[in-house]
Amino acid sequence: MAVAQQTFEQLKTAGLAEIDPEIAELLGREADRQRGQIELIASENFTWPSILEAIGSVPTNKYAEGYPGNRYYGGCEIVDEMEELARNRAKELFGAEHANVQPHAGAQANMAVYFAALSPRDRVLGLSLDHGGHLTHGLKVNFSGKLYEFHHYGVARETMMVDYDDVLARAKEVRPRLIVCGGSAYPRAVEADRFREIADEVGALLMCDMAHFSGLVAAGLHPNPVPYCDFVTSTSHKTLAGPRAGFVLCREEHASKVDRANFPGMQGGPLMHAVAAKASCFRIAMTDAFTDYPRQVRANADALAAGLVDGGFDVLTGGTDTHLVQLDLRATDWTGLAAQERLEECKLTANRNTVPFDERPPKVASGVRLGTPAATMRGFDEHDFREVASIIGGALQDDPDVEALRARALALCDARPLYPGFRGYTSYAAP
Ligand SMILES: *Cc1c(COP(=O)(O)O)cnc(C)c1O
């Protein structure tokens, strides 16, 4: 059983279950967990089997510091082709002049842009974290908040939407070098064109962080920020449904600065298996078949929001333009934390989130952030999401029948199996 008892020959040929039964068992349990609950975390998704195959592939063995045609290692001629495909597909998909597909994840994509555009202590204006921003948009304990002087704009109290007059007023006051738009818990469309006008008025550069909604942009269901921004950053694992990774799009004039900021500025060798998987995810996102998926994500988000409102709940801004619905519990006795725990007992996974002007601390919060990308990937439609809204309504009663609610959630999971063709946790047929 133990690795020490295996021969070198066995190590070179055996599969994971044989080499490390402990981790194999945990992977199997994690696959079962993903299958056996309704995933409503707005930033999560279930990627395609083809992407799992690419991300588990042999370029993990390859060092490729540098960029295609200009590497610090030999033997890069094939990974060069992979990265070229990834870059060209990203540019084509989003209409960008330049793409850097090396950032390991979304936080690194943002870091690459900040390193390219800013000097330490430069002023930046971004969406306030407690109004839906992201930790890389100036949280004090994050590198962004430590290296740069971040200032924040917020949403209007009456509409809970970005108040562009306030953004302009703050921008005139702060005179930022860079304005950042986009966030992690903002249910409405990010109007990059309006941010561009403000950036031009104060002579700032503009970055859009579309980490959450890039899959909607790819399908033409959210305005594309690329034409209006100097820089656009994204993850590939949220609505874009690809591997866990990040990328940067930018104007040609910023291309070499972004590339140098990423390497040698802050990363070493790129994860070429992830680059290969990103290339495939961009290819998938260019197909008509993909477009059906974000369309359903949007329809499901509208159905979820409507179902919650019909059930007597408040949702932030009254609805959504995206995949994301913020349940606002301030009018109830529920905290976000208590609601998250109750939903989990009913096999619904979500995360508590502050709502703007929240009086509770982030660890307790007064909201729950919900999203439709993951459940949509396993086949949920509007009817299913009406049922999800009804289960949530039942769960957040005083004395609910948790057993019955859990059974309803599990019935939905059974009807919409996740990765039905898999043997256990992997798309590879077991030998
Ligand atoms: C998720 C997210 C990121 C960071 O992504 P990681 O891959 O977790 O580093 C950055 N910005 C926004 C707005 C996000 O939602």
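In short, a report on the structure. (Residues numbered from 1 in each chain as written. Predicted model: local features only at pLDDT ≥ 70, side-chain atom pairs only at ≥ 80, totals over all residues. Heavy atoms only, no water.)

**Side note on the overall build of the protein chain**
Basically, it comes down to this: Every helix listed is a DSSP run of H or I at least four residues long, and every strand listed is a run of E at least two residues long, numbered separately from the N terminus. Throughout, radius of gyration means the C-alpha value; the globule benchmark is 2.2 Å times the number of residues raised to the power 0.38. Under the scheme applied here, a residue whose accessible area is under 20% of the maximum for its type counts as buried, over 50% as exposed, and between as partly exposed, the area being computed with a 1.4 Å probe on protein chains only. Every residue pair with non-hydrogen atoms within 4.5 Å of one another is taken to be in contact. For the area figures, the Shrake-Rupley method with a 1.4 Å probe applies, and any residue is considered shielded solely by the protein chains shown. Here the positive residues are Lys and Arg and the negative ones are Asp and Glu; neither His nor the chain ends is included. Here the site of a charge means NZ on Lys, CZ on Arg, CG on Asp, or CD on Glu.
Looking only at helices and strands, the protein chain has 17 helices and 15 strands in total. For 431 residues, the compact-globule estimate of 2.2 N^0.38 gives 22 Å, and the protein chain sits close to it at 22 Å. Oriented by its inertia axes, the alpha-carbon framework of the protein chain measures out at about 60 × 60 × 40 Å. The proportion of buried residues among the 431 residues of the protein chain is 56%. Taking the intrachain contacts of the protein chain between residues at least 6 apart in sequence as the baseline, contacts between residues at least 24 apart amount to 71%. When the accessible surface of the protein chain is split by element, carbon and sulfur atoms take 51% of a total near 18,700 Å². Each charge class in the protein chain was averaged separately, 43 positive and 58 negative side chains, and the resulting centres sit 4 Å apart.

**Thoughts on the sheet that holds strand E5 (residues 123-127)**
Operational definition: In this scheme, strands are said to pair when DSSP sees at least two bridges between them. Simply put, an axis is a line fit to the C-alpha atoms, just over the touching stretch for a helix, and the angle between two N-to-C directions goes from 0 to 180 degrees.
One open sheet holds the seven strands; their spatial order is E4-E10-E9-E8-E7-E5-E6, and the pairing between them is mixed. Because the sheet does not close on itself, it has two edges, and the strands there are strand E4 (98-100) and strand E6 (149-153). The mean angle between the axes of side-by-side strands here comes to 20°, regardless of whether they run parallel or antiparallel. The pairing of E4 with strand E10 (residues 246-250) spans three bridges and is classified as antiparallel. Note that in E10 the partner of Ala 99 across the bridge is Leu 249. Sitting on the sheet, helix H5 (residues 77-94) touches E4 and E10, and the angle it makes with E4 is about 130°. Its contacts with the sheet place helix H6 (residues 106-117) against E6, strand E7 (178-181), strand E8 (205-209), strand E9 (231-235) and E10, and it is angled at close to 160° to E9.

**So, the environment of Ala 277**
Here Ala 277 is to be found in helix H12 (residues 272-285). Along the sequence, Ala 277 and Ser 50 sit 227 residues apart, while their C-alpha atoms lie 8.3 Å from each other. The contacts of Ala 277, once residues within four sequence positions are left out, are Ile 51, Ala 54, Ile 55 and Pro 243.

**A word on unusual backbone geometry**
Residues Phe 263 and Pro 264 are joined by a peptide bond in cis, for which omega reads 10°. Tracing the chain through its elements places Pro 264 in the loop between helix H11 (255-262) and H12. Of note, the phi angle at Ala 241 is positive, near 65°, even though the residue is not glycine. You will see that Tyr 419, though not glycine, has its phi angle at about 50°, which is positive.

**Description of the site of the ligand**
Operational definition: Residues are labelled near a given molecule or strand when at least one of their non-hydrogen atoms is within 4 Å of it. Any pair of N or O atoms that falls within 3.5 Å is considered a polar contact. Within protein, one atom must be able to donate a hydrogen and the other to accept it, and sequence-neighbouring residues count only if both atoms are side-chain atoms. Residues are grouped as follows: Ala, Val, Leu, Ile, Met, Phe, Trp, Tyr, Cys and Pro are nonpolar; Asp, Glu, Lys and Arg are charged; every other residue, Gly included, is polar.
Around the ligand, the structure places 13 residues, and the nearest of them are Ala 107, Ser 184, Asp 209, His 212 and Lys 238. Here an oxygen atom of the ligand and a side-chain polar atom of Lys 238 are 2.8 Å apart. For the ligand, the protein covers 85% of the area, taking 380 Å² as the surface of the free molecule. Of the residues contributing to the shell around the ligand, the split by class is three nonpolar, eight polar and two charged.

**What to know about the pairing of E8**
By the criterion of burial, E8 is predominantly enclosed, with five of the five residues buried. On E8, burial covers both faces: Leu 205, Met 207 and Asp 209 on one face and Leu 206 and Cys 208 on the other are all buried. Relative to E8, E7 runs parallel, the two being bridged by four bridges. Pairing of Leu 178 across the sheet is with Leu 205, part of E8.

**Some words on the sheet that holds strand E14 (residues 351-353)**
Sheet architecture is open: four strands sit in the order E11-E12-E15-E14, paired in antiparallel fashion. For this open sheet the edge positions go to strand E11 (314-315) and E14, each flanked by a neighbour on one side alone. Along the sheet, helix H14 (residues 336-345) makes contact with E14 and strand E15 (367-371), crossing E15 at roughly 45°.

**Quick notes on the state of the cysteines**
The criterion, for reference: Cysteine sulfur atoms are paired as a disulfide whenever they come within 2.5 Å of each other.
Across all of its chains, the model carries zero disulfides by this definition. We note that Cys 229 lacks a disulfide partner, and the nearest cysteine sulfur, in Cys 181, lies 4.9 Å from it. Judged by relative accessible area, Cys 229 falls into the buried class, the value being 3%.

On their own, these measurements won't tell you what the molecule is for.
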